[in-house]
Amino acid sequence: MTDDTTLVIFGGTGDLAARLLLPALAELVDREPARSVRLIGAGRGELTDAAWRAQVRKAFGDERSDAVSAMAKSTVYRQTDPTVGTDVTRLLGEIDGRTVLYFAVPPQVTQRACEQLTPEDLGDDTLLVLEKPFGTDAASAAELNAVLRSLVPEERIFRVDHFLGQSTVLNILGLRFANRLFEPIWSADHIESIVIRYDESLALEDRAGYYDATGALVDMIQSHLLQVMAVVAMEAPATLDETDLRDATAAVLRATALWDDNAVRSARRARYTAGRINGEEVPAYTDEPGVDPSRRTETLAEATFEVRTARWSGVPITLRSGKAIGRPCREIVLTFRPVRHLPAGFTGAAPGSRLRFSLGPDAMSLELNVNGGEDPFALERRSVEASLGAGSLRAYAEVLAGILDGDAALSVRGDAAEQCWRIVQPVLDTWRRGDVPLDEYAAGSDGPEGWPELP
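Residues numbered from 1 in each chain as written. Predicted model: local features only at pLDDT ≥ 70, side-chain atom pairs only at ≥ 80, totals over all residues. Heavy atoms only, no water.

Draft legend 1. Fine view of the packing of aromatic side chains. What the rule picks out here adds up to 7 aromatic pairs. Judged by centre distance (5.7 Å) and plane angle (80°), the ring pair of tyrosine 272 and tyrosine 285 falls under edge-to-face. With a gap of 13 residues between them, tyrosine 272 in strand E9 (residues 267–273) and tyrosine 285 in the loop between strand E11 (280–282) and strand E12 (300–307) connect regions that are remote in the sequence. Arranged with centres 6.4 Å apart and planes meeting at 65°, the rings of tyrosine 272 and tyrosine 441 form a pair that is edge-to-face. Highlighted residues: tyrosine 272 in strand E9 and tyrosine 441 in strand E19 (residues 438–442), separated in sequence by 169 residues. Note on accessibility: tyrosine 272 and tyrosine 441 belong to one class, buried. Here a set of aromatic residues connected by ring pairs shows up, and it is made of Tyr211, Tyr272, Tyr285 and Tyr441. The side chain of arginine 268 reaches across the aromatic face of tryptophan 451, ending 5.9 Å from its centre. In this structure, arginine 330 is placed above the aromatic ring of tyrosine 198, and the distance from its NZ or CZ to the ring centre is 5.7 Å. (Phe/Tyr/Trp six-rings, centres within 6.5 Å; stacked < 30°, edge-to-face > 60°. Helix = DSSP H or I, 4+ residues; strand = E, 2+ residues; numbered from the N terminus. Buried < 20%, exposed > 50% of the residue type's maximum accessible area, 1.4 Å probe, protein only. Lys NZ or Arg CZ within 6 Å of the ring centre and 35° of its normal.)

Dropping the structure here:
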(Lines give C-alpha, C1' and ligand atoms only; values in the text may rest on other atoms or scores of the structure.)
Protein backbone atom coordinates (compact mmCIF):
# COMPACT_ATOMS: atom_id res chain seq x y z
CA MET A 1 0.00 0.00 0.00
CA THR A 2 1.38 3.42 -1.00
CA ASP A 3 1.38 6.74 0.88
CA ASP A 4 -1.34 9.39 0.59
CA THR A 5 -2.78 9.61 -2.91
CA THR A 6 -5.05 12.17 -4.56
CA LEU A 7 -7.44 10.52 -7.00
CA VAL A 8 -8.86 12.90 -9.61
CA ILE A 9 -11.77 11.49 -11.62
CA PHE A 10 -12.39 13.42 -14.84
CA GLY A 11 -16.00 12.68 -15.74
CA GLY A 12 -16.73 12.22 -12.05
CA THR A 13 -20.45 12.95 -12.49
CA GLY A 14 -20.82 10.43 -15.32
CA ASP A 15 -22.37 6.99 -15.42
CA LEU A 16 -19.08 5.07 -15.25
CA ALA A 17 -18.05 6.81 -12.04
CA ALA A 18 -21.46 6.39 -10.40
CA ARG A 19 -21.97 2.73 -11.34
CA LEU A 20 -18.46 1.33 -11.09
CA LEU A 21 -15.61 3.57 -9.95
CA LEU A 22 -17.07 5.14 -6.83
CA PRO A 23 -18.66 1.90 -5.50
CA ALA A 24 -15.33 0.13 -6.14
CA LEU A 25 -13.42 2.85 -4.29
CA ALA A 26 -15.78 2.58 -1.32
CA GLU A 27 -15.41 -1.20 -1.26
CA LEU A 28 -11.63 -0.93 -1.37
CA VAL A 29 -11.39 1.63 1.45
CA ASP A 30 -13.97 -0.33 3.42
CA ARG A 31 -11.68 -3.34 3.36
CA GLU A 32 -8.48 -1.34 3.83
CA PRO A 33 -9.39 1.63 6.07
CA ALA A 34 -5.73 2.58 6.52
CA ARG A 35 -5.54 3.42 2.81
CA SER A 36 -5.38 7.21 2.49
CA VAL A 37 -7.15 8.56 -0.60
CA ARG A 38 -8.22 12.14 -1.23
CA LEU A 39 -10.97 12.20 -3.87
CA ILE A 40 -11.55 15.05 -6.31
CA GLY A 41 -14.37 15.00 -8.84
CA ALA A 42 -13.83 16.97 -12.05
CA GLY A 43 -16.21 17.74 -14.88
CA ARG A 44 -17.34 20.40 -17.33
CA GLY A 45 -20.61 21.15 -15.56
CA GLU A 46 -21.14 23.44 -12.61
CA LEU A 47 -21.61 21.64 -9.30
CA THR A 48 -21.19 22.65 -5.68
CA ASP A 49 -19.09 20.60 -3.31
CA ALA A 50 -22.25 19.77 -1.36
CA ALA A 51 -24.03 18.45 -4.46
CA TRP A 52 -20.96 16.43 -5.46
CA ARG A 53 -20.70 14.92 -1.98
CA ALA A 54 -24.35 13.89 -2.17
CA GLN A 55 -23.63 12.06 -5.44
CA VAL A 56 -20.61 10.37 -3.90
CA ARG A 57 -22.54 9.23 -0.83
CA LYS A 58 -25.27 7.80 -3.04
CA ALA A 59 -22.71 5.88 -5.11
CA PHE A 60 -20.91 4.68 -1.98
CA GLY A 61 -24.16 3.25 -0.59
CA ASP A 62 -25.18 2.62 3.00
CA GLU A 63 -23.43 0.94 5.90
CA ARG A 64 -19.94 2.09 5.06
CA SER A 65 -16.99 2.35 7.43
CA ASP A 66 -15.78 5.51 9.14
CA ALA A 67 -12.92 5.71 6.62
CA VAL A 68 -15.33 5.73 3.68
CA SER A 69 -17.60 8.27 5.37
CA ALA A 70 -14.63 10.52 6.03
CA MET A 71 -13.58 10.33 2.37
CA ALA A 72 -17.12 11.28 1.28
CA LYS A 73 -17.16 14.26 3.66
CA SER A 74 -13.78 15.59 2.50
CA THR A 75 -14.15 15.16 -1.26
CA VAL A 76 -14.40 18.28 -3.43
CA TYR A 77 -15.51 19.07 -6.97
CA ARG A 78 -13.69 21.21 -9.51
CA GLN A 79 -15.28 22.44 -12.73
CA THR A 80 -12.68 21.40 -15.29
CA ASP A 81 -12.62 20.82 -19.03
CA PRO A 82 -9.89 18.18 -19.42
CA THR A 83 -9.29 19.21 -23.05
CA VAL A 84 -8.26 22.70 -21.91
CA GLY A 85 -4.68 22.52 -20.69
CA THR A 86 -4.95 25.54 -18.42
CA ASP A 87 -7.96 23.99 -16.65
CA VAL A 88 -6.00 20.84 -15.86
CA THR A 89 -2.82 22.62 -14.79
CA ARG A 90 -4.87 24.88 -12.51
CA LEU A 91 -6.38 21.80 -10.90
CA LEU A 92 -3.00 20.11 -10.56
CA GLY A 93 -1.67 23.24 -8.89
CA GLU A 94 -4.00 22.54 -5.94
CA ILE A 95 -2.53 19.07 -5.35
CA ASP A 96 0.55 18.14 -3.40
CA GLY A 97 2.13 14.71 -3.62
CA ARG A 98 1.20 11.57 -5.46
CA THR A 99 -1.62 12.04 -7.98
CA VAL A 100 -3.76 9.66 -10.04
CA LEU A 101 -5.54 11.23 -13.02
CA TYR A 102 -8.41 8.89 -13.95
CA PHE A 103 -10.00 9.76 -17.31
CA ALA A 104 -13.53 8.34 -17.03
CA VAL A 105 -14.43 10.10 -20.27
CA PRO A 106 -14.65 9.04 -23.95
CA PRO A 107 -11.28 8.02 -25.47
CA GLN A 108 -11.18 10.96 -27.87
CA VAL A 109 -11.57 13.36 -24.92
CA THR A 110 -8.74 11.59 -23.09
CA GLN A 111 -6.44 11.95 -26.08
CA ARG A 112 -7.22 15.64 -26.57
CA ALA A 113 -6.66 16.20 -22.85
CA CYS A 114 -3.26 14.51 -22.85
CA GLU A 115 -2.22 16.41 -25.97
CA GLN A 116 -2.64 19.66 -24.01
CA LEU A 117 -0.28 18.57 -21.24
CA THR A 118 3.48 18.62 -20.97
CA PRO A 119 5.80 16.55 -18.75
CA GLU A 120 6.41 19.70 -16.70
CA ASP A 121 2.68 19.86 -15.87
CA LEU A 122 2.87 16.45 -14.19
CA GLY A 123 4.81 15.50 -11.11
CA ASP A 124 7.30 12.64 -10.99
CA ASP A 125 4.70 10.45 -9.30
CA THR A 126 1.62 11.27 -11.41
CA LEU A 127 -0.21 8.26 -12.85
CA LEU A 128 -2.41 8.42 -15.97
CA VAL A 129 -5.43 6.08 -16.10
CA LEU A 130 -7.46 5.49 -19.27
CA GLU A 131 -10.66 3.62 -20.01
CA LYS A 132 -11.13 1.48 -23.11
CA PRO A 133 -11.14 1.50 -26.05
CA PHE A 134 -7.54 2.59 -26.53
CA GLY A 135 -7.75 4.23 -29.93
CA THR A 136 -9.95 3.23 -32.85
CA ASP A 137 -7.44 1.10 -34.74
CA ALA A 138 -3.80 0.02 -34.47
CA ALA A 139 -2.49 3.32 -35.89
CA SER A 140 -4.53 5.53 -33.54
CA ALA A 141 -3.62 3.30 -30.58
CA ALA A 142 0.07 3.75 -31.46
CA GLU A 143 -0.46 7.52 -31.76
CA LEU A 144 -2.20 7.65 -28.37
CA ASN A 145 0.58 5.58 -26.81
CA ALA A 146 3.17 7.99 -28.20
CA VAL A 147 1.33 10.94 -26.62
CA LEU A 148 1.11 9.19 -23.26
CA ARG A 149 4.76 8.12 -23.25
CA SER A 150 5.83 11.68 -24.03
CA LEU A 151 4.30 12.62 -20.67
CA VAL A 152 5.18 9.76 -18.32
CA PRO A 153 6.99 6.40 -18.54
CA GLU A 154 4.97 3.30 -19.49
CA GLU A 155 4.96 2.02 -15.90
CA ARG A 156 2.92 5.08 -14.90
CA ILE A 157 0.25 4.51 -17.59
CA PHE A 158 -2.71 2.35 -16.62
CA ARG A 159 -5.06 1.18 -19.38
CA VAL A 160 -8.04 -0.21 -17.52
CA ASP A 161 -9.52 -3.58 -18.39
CA HIS A 162 -11.70 -4.63 -15.48
CA PHE A 163 -11.92 -8.16 -16.93
CA LEU A 164 -8.32 -8.64 -15.79
CA GLY A 165 -9.59 -8.04 -12.26
CA GLN A 166 -12.17 -10.80 -12.54
CA SER A 167 -11.33 -13.26 -9.78
CA THR A 168 -12.12 -16.21 -12.06
CA VAL A 169 -9.58 -15.04 -14.64
CA LEU A 170 -6.97 -14.81 -11.91
CA ASN A 171 -8.02 -18.20 -10.52
CA ILE A 172 -7.05 -19.78 -13.83
CA LEU A 173 -3.43 -19.02 -13.04
CA GLY A 174 -3.59 -20.87 -9.74
CA LEU A 175 -5.42 -23.89 -11.14
CA ARG A 176 -3.01 -24.27 -14.03
CA PHE A 177 0.35 -23.40 -12.52
CA ALA A 178 -0.14 -24.90 -9.05
CA ASN A 179 -1.45 -28.30 -10.16
CA ARG A 180 0.64 -30.95 -11.87
CA LEU A 181 -2.63 -32.47 -13.05
CA PHE A 182 -3.22 -29.57 -15.47
CA GLU A 183 0.06 -27.84 -16.32
CA PRO A 184 1.56 -30.72 -18.38
CA ILE A 185 -1.60 -31.10 -20.49
CA TRP A 186 -2.28 -27.37 -21.08
CA SER A 187 -1.37 -27.47 -24.79
CA ALA A 188 -2.47 -28.48 -28.27
CA ASP A 189 -1.33 -32.04 -27.57
CA HIS A 190 -4.24 -32.49 -25.19
CA ILE A 191 -6.66 -29.57 -25.72
CA GLU A 192 -8.90 -29.66 -28.79
CA SER A 193 -10.55 -26.23 -28.57
CA ILE A 194 -11.09 -23.20 -26.34
CA VAL A 195 -14.20 -21.02 -26.13
CA ILE A 196 -14.40 -17.73 -24.23
CA ARG A 197 -17.96 -16.48 -24.18
CA TYR A 198 -19.64 -13.45 -22.64
CA ASP A 199 -23.32 -13.39 -23.61
CA GLU A 200 -25.55 -11.13 -21.51
CA SER A 201 -29.28 -10.58 -21.25
CA LEU A 202 -28.86 -6.79 -21.09
CA ALA A 203 -29.89 -4.96 -24.22
CA LEU A 204 -28.59 -1.53 -25.21
CA GLU A 205 -29.58 0.11 -21.88
CA ASP A 206 -29.39 3.74 -23.11
CA ARG A 207 -25.78 3.39 -24.29
CA ALA A 208 -26.36 4.23 -27.97
CA GLY A 209 -23.99 7.20 -27.86
CA TYR A 210 -21.06 4.87 -27.26
CA TYR A 211 -22.20 1.45 -28.40
CA ASP A 212 -23.66 2.30 -31.81
CA ALA A 213 -20.27 3.58 -32.95
CA THR A 214 -18.46 0.60 -31.45
CA GLY A 215 -20.33 -2.72 -31.65
CA ALA A 216 -19.78 -6.05 -29.96
CA LEU A 217 -16.50 -6.92 -31.70
CA VAL A 218 -14.68 -3.82 -30.46
CA ASP A 219 -16.59 -3.32 -27.20
CA MET A 220 -15.99 -6.85 -25.93
CA ILE A 221 -13.73 -9.04 -28.07
CA GLN A 222 -11.08 -6.44 -28.93
CA SER A 223 -11.22 -4.69 -25.57
CA HIS A 224 -11.65 -7.59 -23.14
CA LEU A 225 -11.85 -11.16 -24.38
CA LEU A 226 -8.52 -11.13 -26.21
CA GLN A 227 -6.90 -10.16 -22.91
CA VAL A 228 -8.66 -13.06 -21.16
CA MET A 229 -7.47 -15.38 -23.95
CA ALA A 230 -3.91 -14.18 -23.40
CA VAL A 231 -4.12 -15.13 -19.72
CA VAL A 232 -5.47 -18.60 -20.60
CA ALA A 233 -2.83 -19.26 -23.28
CA MET A 234 0.32 -17.66 -21.87
CA GLU A 235 3.52 -19.46 -20.98
CA ALA A 236 4.36 -19.78 -17.28
CA PRO A 237 5.87 -16.48 -16.10
CA ALA A 238 8.74 -16.49 -13.64
CA THR A 239 6.68 -14.35 -11.25
CA LEU A 240 3.28 -12.68 -11.18
CA ASP A 241 4.73 -9.19 -11.06
CA GLU A 242 3.74 -6.69 -13.72
CA THR A 243 6.78 -7.19 -15.98
CA ASP A 244 6.73 -10.98 -16.16
CA LEU A 245 2.95 -11.28 -16.32
CA ARG A 246 2.52 -8.67 -19.03
CA ASP A 247 5.48 -9.99 -21.02
CA ALA A 248 3.79 -13.40 -21.07
CA THR A 249 0.37 -12.13 -22.17
CA ALA A 250 1.86 -9.78 -24.77
CA ALA A 251 3.75 -12.70 -26.33
CA VAL A 252 0.44 -14.54 -26.82
CA LEU A 253 -1.16 -11.55 -28.54
CA ARG A 254 1.82 -11.11 -30.89
CA ALA A 255 1.36 -14.73 -31.98
CA THR A 256 -2.42 -14.49 -32.48
CA ALA A 257 -4.12 -14.37 -35.87
CA LEU A 258 -7.51 -15.16 -37.35
CA TRP A 259 -8.15 -18.84 -37.91
CA ASP A 260 -6.98 -19.76 -41.43
CA ASP A 261 -6.29 -16.03 -42.00
CA ASN A 262 -9.82 -15.79 -43.33
CA ALA A 263 -12.03 -13.02 -41.95
CA VAL A 264 -15.07 -14.17 -43.96
CA ARG A 265 -15.16 -17.76 -42.74
CA SER A 266 -13.76 -17.21 -39.24
CA ALA A 267 -16.02 -14.42 -37.95
CA ARG A 268 -19.79 -13.88 -37.70
CA ARG A 269 -22.00 -10.97 -36.70
CA ALA A 270 -25.65 -10.42 -35.89
CA ARG A 271 -28.07 -7.85 -34.50
CA TYR A 272 -31.09 -8.39 -32.27
CA THR A 273 -34.65 -7.77 -33.34
CA ALA A 274 -37.67 -7.24 -31.08
CA GLY A 275 -38.34 -9.91 -28.47
CA ARG A 276 -38.91 -10.62 -24.81
CA ILE A 277 -36.36 -10.96 -21.99
CA ASN A 278 -37.45 -12.00 -18.51
CA GLY A 279 -41.06 -11.31 -19.45
CA GLU A 280 -40.41 -7.76 -20.68
CA GLU A 281 -40.73 -6.50 -24.25
CA VAL A 282 -37.44 -5.42 -25.82
CA PRO A 283 -37.48 -3.29 -28.98
CA ALA A 284 -35.32 -4.13 -31.97
CA TYR A 285 -31.84 -2.66 -31.75
CA THR A 286 -32.58 -0.42 -34.71
CA ASP A 287 -35.57 1.03 -32.81
CA GLU A 288 -33.54 1.90 -29.70
CA PRO A 289 -33.21 5.67 -29.05
CA GLY A 290 -30.05 7.13 -30.59
CA VAL A 291 -29.31 4.20 -32.90
CA ASP A 292 -28.45 4.87 -36.56
CA PRO A 293 -29.59 1.75 -38.48
CA SER A 294 -27.36 2.65 -41.44
CA ARG A 295 -24.28 1.93 -39.33
CA ARG A 296 -25.20 -1.77 -39.31
CA THR A 297 -23.76 -2.13 -35.80
CA GLU A 298 -23.58 -5.71 -34.59
CA THR A 299 -24.81 -6.66 -31.11
CA LEU A 300 -23.41 -10.20 -31.30
CA ALA A 301 -19.92 -11.02 -32.56
CA GLU A 302 -18.05 -14.30 -32.79
CA ALA A 303 -14.57 -14.89 -34.13
CA THR A 304 -12.13 -17.80 -34.10
CA PHE A 305 -8.41 -17.26 -33.65
CA GLU A 306 -5.19 -19.26 -33.45
CA VAL A 307 -2.17 -18.66 -31.25
CA ARG A 308 0.65 -19.68 -33.55
CA THR A 309 3.14 -21.07 -31.08
CA ALA A 310 4.46 -24.56 -30.43
CA ARG A 311 2.05 -24.86 -27.49
CA TRP A 312 -1.17 -23.84 -29.26
CA SER A 313 -0.82 -24.13 -33.04
CA GLY A 314 -3.84 -25.93 -34.49
CA VAL A 315 -6.22 -25.18 -31.60
CA PRO A 316 -9.25 -23.04 -32.56
CA ILE A 317 -9.94 -20.38 -29.92
CA THR A 318 -13.42 -18.89 -30.32
CA LEU A 319 -14.40 -15.62 -28.67
CA ARG A 320 -18.05 -14.59 -28.58
CA SER A 321 -20.06 -11.83 -26.97
CA GLY A 322 -23.63 -10.71 -27.46
CA LYS A 323 -26.38 -8.55 -25.98
CA ALA A 324 -30.06 -9.37 -25.39
CA ILE A 325 -29.35 -13.11 -25.19
CA GLY A 326 -32.06 -15.14 -23.46
CA ARG A 327 -29.73 -17.44 -21.53
CA PRO A 328 -26.69 -15.46 -20.35
CA CYS A 329 -23.48 -17.43 -20.63
CA ARG A 330 -20.22 -16.08 -19.25
CA GLU A 331 -17.57 -18.76 -19.22
CA ILE A 332 -14.25 -20.13 -20.41
CA VAL A 333 -14.44 -23.68 -21.79
CA LEU A 334 -11.46 -25.92 -22.57
CA THR A 335 -12.38 -29.11 -24.42
CA PHE A 336 -9.78 -31.87 -24.16
CA ARG A 337 -9.09 -34.37 -26.89
CA PRO A 338 -10.71 -37.82 -26.58
CA VAL A 339 -8.57 -40.74 -25.49
CA ARG A 340 -6.60 -42.40 -28.31
CA HIS A 341 -7.95 -45.85 -27.53
CA LEU A 342 -11.04 -47.01 -25.66
CA PRO A 343 -10.91 -50.71 -24.71
CA ALA A 344 -13.56 -52.83 -26.41
CA GLY A 345 -16.37 -53.70 -24.05
CA PHE A 346 -17.35 -50.21 -22.94
CA THR A 347 -20.66 -48.89 -24.22
CA GLY A 348 -21.65 -45.29 -24.71
CA ALA A 349 -19.75 -42.28 -25.98
CA ALA A 350 -16.44 -41.03 -24.59
CA PRO A 351 -16.05 -37.43 -25.80
CA GLY A 352 -13.19 -35.30 -24.57
CA SER A 353 -13.40 -33.98 -21.03
CA ARG A 354 -14.36 -30.34 -20.55
CA LEU A 355 -13.08 -27.82 -18.03
CA ARG A 356 -15.41 -24.86 -17.50
CA PHE A 357 -14.79 -21.61 -15.64
CA SER A 358 -17.88 -19.56 -14.93
CA LEU A 359 -17.37 -15.80 -14.88
CA GLY A 360 -19.83 -14.83 -12.15
CA PRO A 361 -20.81 -16.53 -10.03
CA ASP A 362 -17.23 -17.76 -9.92
CA ALA A 363 -17.17 -21.52 -10.28
CA MET A 364 -15.46 -24.31 -12.17
CA SER A 365 -16.52 -27.74 -13.32
CA LEU A 366 -14.75 -30.69 -14.90
CA GLU A 367 -16.88 -32.94 -17.12
CA LEU A 368 -15.64 -36.54 -17.12
CA ASN A 369 -16.62 -39.89 -18.61
CA VAL A 370 -17.24 -42.43 -15.85
CA ASN A 371 -18.83 -45.86 -15.51
CA GLY A 372 -20.21 -47.95 -12.66
CA GLY A 373 -23.96 -47.42 -12.70
CA GLU A 374 -26.47 -50.20 -13.22
CA ASP A 375 -24.37 -51.39 -16.14
CA PRO A 376 -20.73 -51.31 -14.98
CA PHE A 377 -19.48 -51.06 -18.58
CA ALA A 378 -21.75 -48.21 -19.66
CA LEU A 379 -20.05 -44.81 -19.82
CA GLU A 380 -21.89 -41.70 -18.75
CA ARG A 381 -21.02 -38.06 -18.29
CA ARG A 382 -20.55 -36.68 -14.78
CA SER A 383 -19.43 -33.25 -13.61
CA VAL A 384 -17.16 -32.45 -10.69
CA GLU A 385 -17.95 -28.92 -9.55
CA ALA A 386 -16.35 -26.39 -7.23
CA SER A 387 -17.35 -22.91 -6.17
CA LEU A 388 -14.50 -20.42 -6.34
CA GLY A 389 -16.25 -17.86 -4.17
CA ALA A 390 -17.12 -14.29 -5.01
CA GLY A 391 -13.58 -12.95 -4.59
CA SER A 392 -12.62 -10.50 -1.89
CA LEU A 393 -13.17 -7.51 -4.19
CA ARG A 394 -15.25 -6.81 -7.27
CA ALA A 395 -13.28 -6.53 -10.52
CA TYR A 396 -13.09 -2.74 -10.62
CA ALA A 397 -11.93 -2.65 -7.00
CA GLU A 398 -9.12 -5.12 -7.80
CA VAL A 399 -8.00 -2.95 -10.69
CA LEU A 400 -8.34 0.25 -8.66
CA ALA A 401 -6.21 -1.25 -5.88
CA GLY A 402 -3.45 -1.94 -8.39
CA ILE A 403 -3.65 1.63 -9.69
CA LEU A 404 -3.47 3.20 -6.24
CA ASP A 405 -0.56 0.90 -5.36
CA GLY A 406 1.25 1.66 -8.61
CA ASP A 407 1.10 -2.01 -9.66
CA ALA A 408 0.29 -2.28 -13.37
CA ALA A 409 -0.01 -6.08 -13.46
CA LEU A 410 -3.78 -5.91 -14.06
CA SER A 411 -3.66 -3.13 -16.65
CA VAL A 412 -3.08 -3.38 -20.40
CA ARG A 413 0.39 -2.53 -21.64
CA GLY A 414 0.68 -0.24 -24.66
CA ASP A 415 2.00 -2.85 -27.08
CA ALA A 416 -0.78 -5.27 -26.08
CA ALA A 417 -3.42 -2.62 -26.82
CA GLU A 418 -1.98 -2.15 -30.30
CA GLN A 419 -1.83 -5.90 -30.91
CA CYS A 420 -5.52 -6.33 -30.07
CA TRP A 421 -6.41 -3.86 -32.80
CA ARG A 422 -4.10 -5.61 -35.26
CA ILE A 423 -5.78 -8.94 -34.54
CA VAL A 424 -9.36 -7.77 -35.20
CA GLN A 425 -8.64 -5.29 -38.03
CA PRO A 426 -9.16 -7.85 -40.86
CA VAL A 427 -12.62 -8.60 -39.45
CA LEU A 428 -13.52 -4.92 -39.20
CA ASP A 429 -12.35 -4.33 -42.76
CA THR A 430 -14.35 -7.27 -44.07
CA TRP A 431 -17.51 -6.22 -42.26
CA ARG A 432 -17.23 -2.64 -43.48
CA ARG A 433 -17.03 -3.92 -47.05
CA GLY A 434 -20.18 -5.95 -46.46
CA ASP A 435 -18.48 -9.28 -47.25
CA VAL A 436 -20.12 -10.95 -44.22
CA PRO A 437 -23.90 -10.83 -43.72
CA LEU A 438 -25.39 -9.15 -40.67
CA ASP A 439 -27.59 -11.92 -39.30
CA GLU A 440 -30.52 -11.36 -36.96
CA TYR A 441 -31.78 -12.96 -33.77
CA ALA A 442 -34.76 -12.19 -31.62
CA ALA A 443 -34.04 -10.53 -28.27
CA GLY A 444 -34.35 -13.26 -25.66
CA SER A 445 -33.21 -16.03 -28.00
CA ASP A 446 -29.86 -17.83 -27.92
CA GLY A 447 -28.67 -16.20 -31.12
CA PRO A 448 -29.16 -16.62 -34.87
CA GLU A 449 -30.38 -19.91 -36.25
CA GLY A 450 -27.75 -21.81 -38.19
CA TRP A 451 -24.71 -20.64 -36.24
CA PRO A 452 -22.48 -23.50 -35.05
CA GLU A 453 -23.32 -24.61 -31.53
CA LEU A 454 -20.61 -23.89 -28.98
CA PRO A 455 -19.74 -26.33 -26.19
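Draft legend 2. Structural detail: the environment of glutamate 155. Take glutamate 155: it is sitting in the loop between helix H6 (138–149) and strand E6 (157–160). A relative accessible area of 47% places glutamate 155 in the partly exposed class. For the pair glutamate 155 and alanine 409, spaced 254 residues apart in sequence, the C-alpha separation works out to 9.8 Å.

Draft legend 3. Spatial organisation of the packing of helix H1 (residues 15–31) against helix H2 (residues 49–60). Across the interface, H1 lies against H2 with an axial gap of 8 Å and an inter-helix angle of 75°. Judged on the interaxial angle alone, H2 and H1 are roughly perpendicular. Note on element contacts: H2 touches H1 through Trp52, Val56, Ala59 and Phe60, opposite Ala18, Leu22, Pro23, Leu25 and Ala26. Class assignment for the residues of the contact of H1 with H2 results in 9 nonpolar, no polar and no charged. (Axes fitted to C-alpha atoms, helices over the stretch in contact; angles between N-to-C directions. Parallel < 35°, antiparallel > 145°, perpendicular 65-115°, else oblique. Contact = heavy atoms within 4.5 Å. Nonpolar A, V, L, I, M, F, W, Y, C, P; charged D, E, K, R; others polar.)

Draft legend 4. Quick look at helix H4 (residues 85–92). When H4 is considered as a whole, its buried residues turn out to be Gly85, Asp87, Val88, Leu91 and Leu92. Down the axis of H4, the buried set is contained in an arc of 165°. They therefore lie on one face. The secondary structure elements touched by the buried residues of H4 are strand E1 (5–10), strand E2 (37–43), strand E3 (76–79) and strand E4 (98–103). (Arc of directions from axis to C-beta.)

Draft legend 5. View of the side chain of glutamate 200. With respect to the helices and strands, the residue glutamate 200 is situated in the loop between strand E7 (191–199) and helix H8 (208–211). Contact partners of glutamate 200, with chain neighbours within four places excluded, come to Gly322, Lys323, Ala324, Ile325 and Pro328.

Draft legend 6. Representation of the packing of H1 against helix H11 (residues 395–405). Packing of H1 against H11 leaves a shortest axis separation of 8 Å and a crossing angle of 70°. In terms of orientation, H1 and H11 fall into the roughly perpendicular class. H1 and H11 meet at a crossing whose hand is right-handed. On H11, the residues touching Leu16, Leu20, Leu21, Ala24, Leu25, Glu27 and Leu28 of H1 are Tyr396, Ala397, Leu400, Ala401 and Leu404. Along the lines of polarity and charge, the residues of the contact of H1 with H11 split into 11 nonpolar, no polar and 1 charged. (Left-handed = near helix turned anticlockwise from the far one by under 90°.)

Draft legend 7. Just unusual backbone geometry, in detail. In this structure, proline 133 follows lysine 132 across a cis peptide bond, with omega equal to -10°. Considering the arrangement of structural elements, one finds proline 133 in the loop between strand E5 (126–130) and H6. A positive phi angle, near 60°, is found at aspartate 206, a position not held by glycine. Inspection of the secondary structure assignment puts aspartate 206 in the loop between E7 and H8. Of note in this structure, arginine 296 is not a glycine but carries a positive phi near 55°. On the secondary structure map, arginine 296 appears in the loop between E11 and E12.

Distances and angles like these do not, on their own, reveal function.
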